[in-house]
Structure formats: structure tokens, C-alpha cells
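What the coordinates show
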Amino acid sequence: MITAPATGHMPKLITLGSGFLLAVLWVNLMFDVQVWPHWGNKTLPEEVLSSIVTYYARVAIEASPMGYLVGLVMLMTLAVSVRNVFVGLQPRWVRIATFVLLIGPVVAALTVIFPGAQKLASRTDTLNVQSELANALFTAHAVCFAAIFLVLILQFTPRRSG
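The following paragraphs examine the structure supplied in this document. (Residues numbered from 1 in each chain as written. Predicted model: local features only at pLDDT ≥ 70, side-chain atom pairs only at ≥ 80, totals over all residues. Heavy atoms only, no water.)

1. Regarding helix 3 (residues 67-87)
- With 21 residues, helix 3 extends 31 Å from end C-alpha to end C-alpha; this agrees with the ideal 30 Å at 1.5 Å per step.
- Buried within helix 3 are the following residues: Val-70, Gly-71, Val-73, Met-74, Thr-77, Leu-78, Val-80, Ser-81, Asn-84 and Val-85.
- Looking at the buried positions of helix 3, the neighbouring elements they touch are helix 1 (10-32) and helix 4 (92-122). (Helix = DSSP H or I, 4+ residues; strand = E, 2+ residues; numbered from the N terminus. Expected span 1.5 Å × (residues − 1). Buried < 20%, exposed > 50% of the residue type's maximum accessible area, 1.4 Å probe, protein only. Contact = heavy atoms within 4.5 Å.)

2. Some thoughts on the nonpolar core
- Counting residues in each nonpolar core, the largest one holds 38 residues, and the members touching the most others are Ile-52, Tyr-56, Leu-120 and Ala-134.
- Put simply, the parts of the chain that give this core at least two residues each are helix 1, helix 2 (46-62), helix 3, helix 4 and helix 5 (127-155).
- Looking at this core element by element, the count peaks at 10 residues for helix 5.
- Not counting residues within four places of it along the chain, the set of residues in contact with Tyr-56 comprises Asn-28, Asp-32, Ile-61, Ala-117, Leu-120, Ala-121, Leu-137 and His-141. (Core = buried A, V, L, I, M, F, W, Y, C linked by side-chain atoms within 4.5 Å.)

3. Some details on the side chain of Asn-135
- Along the polypeptide, Asn-135 turns up in helix 5.
- Setting aside chain neighbours within four positions, we find Asn-135 in contact with Val-35 and Trp-39.

4. So, the environment of Ser-81
- Summarising the element assignment, Ser-81 is placed in helix 3.
- Note: C-alpha distance between Ser-81 and Glu-132 (51 residues apart in sequence) is 33 Å.
- Those residues in contact with Ser-81 that lie beyond four places of it in its chain are Ile-14, Thr-98, Phe-99 and Leu-102.

5. Some words on the packing of aromatic side chains
- One pass over the full model with this rule turns up six aromatic pairs.
- Between Phe-31 and Tyr-55 the ring centres are 4.1 Å apart and the planes differ by 10°, which places this aromatic pair in the stacked class. Pair noted here: Phe-31 is in helix 1 and Tyr-55 is in helix 2, with a separation of 24 residues, a long-range link.
- Taken together, Phe-31, Tyr-55 and Tyr-56 form an aromatic cluster joined through their ring pairs. (Phe/Tyr/Trp six-rings, centres within 6.5 Å; stacked < 30°, edge-to-face > 60°.)

6. As for helix 4
- If you check helix 4, its first and last C-alpha atoms are 44 Å apart, about what 31 residues at 1.5 Å a residue would give, namely 45 Å.
- At Ala-109, helix 4 shows its maximal kink, close to 50°.
- Of the residues one or two after helix 4, Arg-123 is the one with positive phi, at around 55°. (Bend = angle between axes of the 7 residues up to and from the residue.)

7. Comments concerning the packing of helix 2 against helix 5
- Remark: helix 2 packs on helix 5, axes separated minimally by 11 Å, with the N-to-C direction vectors making an angle of 65°. You can see that helix 2 and helix 5 cross each other, and the crossing is left-handed. The segment helix 2 lies against helix 5, with Glu-46, Leu-49, Ile-52, Val-53 and Tyr-56 engaging Leu-127, Gln-130, Ser-131, Ala-134, Leu-137 and His-141. (Axes fitted to C-alpha atoms, helices over the stretch in contact; angles between N-to-C directions. Left-handed = near helix turned anticlockwise from the far one by under 90°.)

8. Regarding the layout of surface pockets
- Size it by volume and the largest pocket reaches roughly 700 Å³.
- Every residue lining the largest pocket is counted, 30 residues in all, and those nearest its centre are Val-24, Val-59, Gly-67, Val-70 and Phe-114.
- Secondary structure elements with two or more residues in the lining of the largest pocket: helix 1, helix 2, helix 3, helix 4 and helix 5.
- At seven residues, helix 4 tops the list of elements feeding residues into the lining of the largest pocket. (1 Å grid on protein atoms, 1.4 Å probe; cavity = no way out; pocket = protein on both sides within 12 Å on 5 of 7 lines; lining within 4 Å. Points joined across faces, edges and corners; volume = space filled by probe spheres on them.)

9. Concerning a nonpolar patch on the surface
- Together, Phe-20, Met-66, Leu-69 and Leu-72 line one region of the surface with nonpolar side chains, adding up to about 380 Å² of accessible area.
- Here Phe-20 lies in helix 1. (Patch = residues over 30% accessible without salt bridge, like charges linked within 9 Å, V, L, I, M, F, W, Y side chains within 5 Å. Areas by Shrake-Rupley, 256 points an atom, 1.4 Å probe, with all protein chains shown as cover. Salt bridge = Lys/Arg side-chain N within 4 Å of Asp/Glu carboxyl O.)

Keep in mind these values describe shape, not function.
Right under this line is the structure:
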């Protein structure tokens, strides 16, 4: 039988989940960052698009069902954060900020990142649309990286006394 984590273990689980997600975001950004030198251009150079598309084809399509692990860790981390808001030992502002910071990446993953990566990997759109998708993935991953990094920092905030 699976039981809820002890109250004191919630920051550890949030830290573990956030650390995993930060690592995944870092790997994605290693490919996404190729758009940076071409920021603002209507289309990306073919060699940049090809590199990014090949990566997302591998991780978003060919590596299935491993991609579900990222979603599972994301949902587990968010679920623990929800419980932590109500019964955690950290200061209330830390628990709420952690939850708020986790919501953005989860929404971005569901609405921009997962569908965008699959669409980009299919390579069925025009170069303009593919370039827009690559730029959107880079932006979303960079913002999510910052949010998850802040979540990790918050987990090292001292617990409240008493």
C-alpha cells in the first residue's frame, strides 16, 4: 500500500523531483540554445533546425514511453507540493511560492513543450512554423529552467521553528 510521504520528507521529494526536471531542462536547452544566435530571424538555418529536430524526434517520438517518466516526475513533484502547502514544515511563503513556481512549468509542458516538440519532430510544417516552434521551445525551456531552479533554492530555506 502506498502512503503519503511524511511531512518532513516533502521538501526532499520536491528537491529530488525538481533536480530531475532541471537536468532534463538542461539537456533540452543544450539543443535549444542553437536558436539564440538567430533570434529574431523569420527562419532558422537548416543546420540548426535539423539538429534540433533530430533531437526532438529522438526524445519526443522514438524514446517513447520514456518521455512519460518526465511527466510522471512532474506530476509527483506538483502533487507533493500541493500537500506541502497545507501540512509542510517550511515557512508558509516558501510552500506557496514552491507551488506557484511549479505550476508554470507544468502548464508550459502540457500546452507548449510536449505538443511543440512532437510537432517540430514531425517536420511537416513550413520552415517558418518550424522556426517558430524551435524559438517557442527555447523560450519555454529557459523560463521553466529559471522557475525550477528557484524551486530548488526555496527547498533549502530553513524550516520554521516549533
